[in-house]
Amino acid sequence: RRAVDPQAVHHPFPTRPSPMTTIRHFTCDDLFTYNDVNTDVLTETFNLNFYLGYLATWPEYFSTAKSPSGTTMGYVMGKAEGKGTNWHGHVTAVTVAPSYRRMGLAKTLMRELETISQEMHDGFFVDLFVRKSNVNAIAMYAQLGYRVYRTVLDYYSGEEDALDMRFALRRDREKKSMVPLPKPVRPWELGEDFS
């Protein structure tokens, strides 16, 4: 893994991870220890092949946070996708175990993914989809500098809308990737650059 300077991406709130927390690459063995992280109803739990596919295809985008005792505190997984000015990093999942929340860990994991998107993949922005009802997550992302780009109607199994939130990286100097769309879209209208 290439050494990535977490301060390389300009952030209004610099990340200062706890010296007691280890952020490292997620491994196959971590699949046996992350169950306590995926306990709330707003955390998506995917099938084993989904996690393994991400781990094999985008290993640099899959990180875990471990406590000094080796307990999984949280993880982030993502990917690089798109073409042209839509080339970006995508946050597929970021989650922290309930007992480790409100410590800035999600922020640290997000900054890790943003740095990889900028320094390793030269992306224009980072995006994510979040349930419209998940007001705590939306507030956290907004505090990290993410803005709502568009609403995706019925994104979650046809039952709930998603907000597509974005954070512009250095390559998007004018922050064009964050200019909101005037109307909502349907999942099939996202196009091949987004999933």
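Before any of the text, the structure's been laid out above.
Residues numbered from 1 in each chain as written. Predicted model: local features only at pLDDT ≥ 70, side-chain atom pairs only at ≥ 80, totals over all residues. Heavy atoms only, no water.

## Quick word on the side chain of Gln 118
Operational definition: Secondary structure counts use DSSP, requiring at least four H or I residues in a row for a helix and at least two E residues in a row for a strand, with both numbered from the N terminus. Identification of polar contacts relies on pairs of N or O atoms within 3.5 Å, with a donor-acceptor requirement for protein atoms, meaning one able to donate a hydrogen and the other able to accept it, and with residues adjacent in sequence counted only if both atoms are side-chain atoms.
One can find Gln 118 in helix α2 (residues 105-119). Side chain to side chain, Gln 118 and Glu 119 meet in a polar contact 3.0 Å long. Here Arg 170 takes part through its backbone nitrogen, which lies 2.9 Å from a polar atom of the side chain of Gln 118.

## Comments concerning helix α1 (residues 48-57)
How we decide: Exposure classes here rest on a 1.4 Å probe applied to the protein chains alone. A residue is buried below 20% of its type maximum, exposed above 50%, and partly exposed in between. Throughout, the arc means the angular range of directions from the helix axis out to the C-beta atoms. The contact criterion used is simple: two residues touch if any of their non-hydrogen atoms lie within 4.5 Å.
Regarding α1, the residues found buried are Tyr 51, Tyr 54 and Leu 55. Seen along its axis, α1 keeps its buried residues to an arc of 100 degrees; they face one direction. Away from its buried face by more than 90 degrees, α1 exposes Asn 49 and Ala 56. Here the buried face of α1 lies against β3 (72-81) and β4 (88-96). Where α1 starts, the residue carrying a side-chain oxygen 3.1 Å from the main-chain nitrogen of Asn 49 turns out to be Asn 47.

## Observations concerning the environment of Met 20
Tracing the backbone through its elements, the reader meets Met 20 in the segment before β1 (22-25). Separated by 46 residues in sequence, Met 20 and Lys 66 place their C-alpha atoms 8.7 Å apart. Not counting residues up to four positions away in its chain, the partners in contact with Met 20 are Lys 66, Ser 67 and Pro 68.

## Comments concerning the nonpolar core
When a protein is soluble and globular, its nonpolar side chains tend to lie buried together. Definition in use: We call a set of buried residues a nonpolar core when its members are Ala, Val, Leu, Ile, Met, Phe, Trp, Tyr or Cys and they connect through side-chain atoms within 4.5 Å of each other.
One finds Tyr 75, Tyr 141 and Tyr 146 to be the most contacted residues of the largest nonpolar core, which totals 39 residues. Mapped by element, the contributors of at least two residues to this core are α1, β3, β4, α2, β5 (125-131), α3 (135-143) and β7 (160-168). Sorting elements by how many residues they give to this core places α2 first, with six residues. Counting nine residues, the second largest nonpolar core, distinct from the first, contains Phe 125, Val 152, Val 185 and Phe 194.

## A closer look at the sheet that holds β3
Using the following cut-off: At least two DSSP bridges between two strands are required for those strands to pair. Throughout, an axis means a line fitted to C-alpha atoms (over the contacting stretch in the case of helices), and angles, computed between N-to-C directions, take values from 0 to 180 degrees.
With mixed pairing, seven strands are arranged side by side in an open sheet as β1-β2-β3-β4-β5-β7-β6. The sheet is open, and its two edges are formed by β1 and β6 (147-156), each paired on a single side. Recorded for the sheet is a direction-independent mean angle of 25 degrees between the axes of neighbouring strands. Bridge analysis of β3 against β4 gives eight bridges, and the strand direction is antiparallel. Note that in β4 the partner of Tyr 75 across the bridge is Thr 95. Sitting on the sheet, α2 is in contact with β1, β2 (63-66), β3, β4, β5 and β7, with an inclination near 160 degrees to β4. Of the strands in this sheet, β4, β5, β6 and β7 are in contact with α3, which crosses β5 at around 160 degrees.

## A short note on the environment of Phe 129
Looking at the secondary structure, you find Phe 129 in strand β5. On the basis of relative accessible area, Phe 129 is assigned to the buried category, the value being 12%. Separated by 37 residues in sequence, Phe 129 and Arg 166 place their C-alpha atoms 9.0 Å apart.

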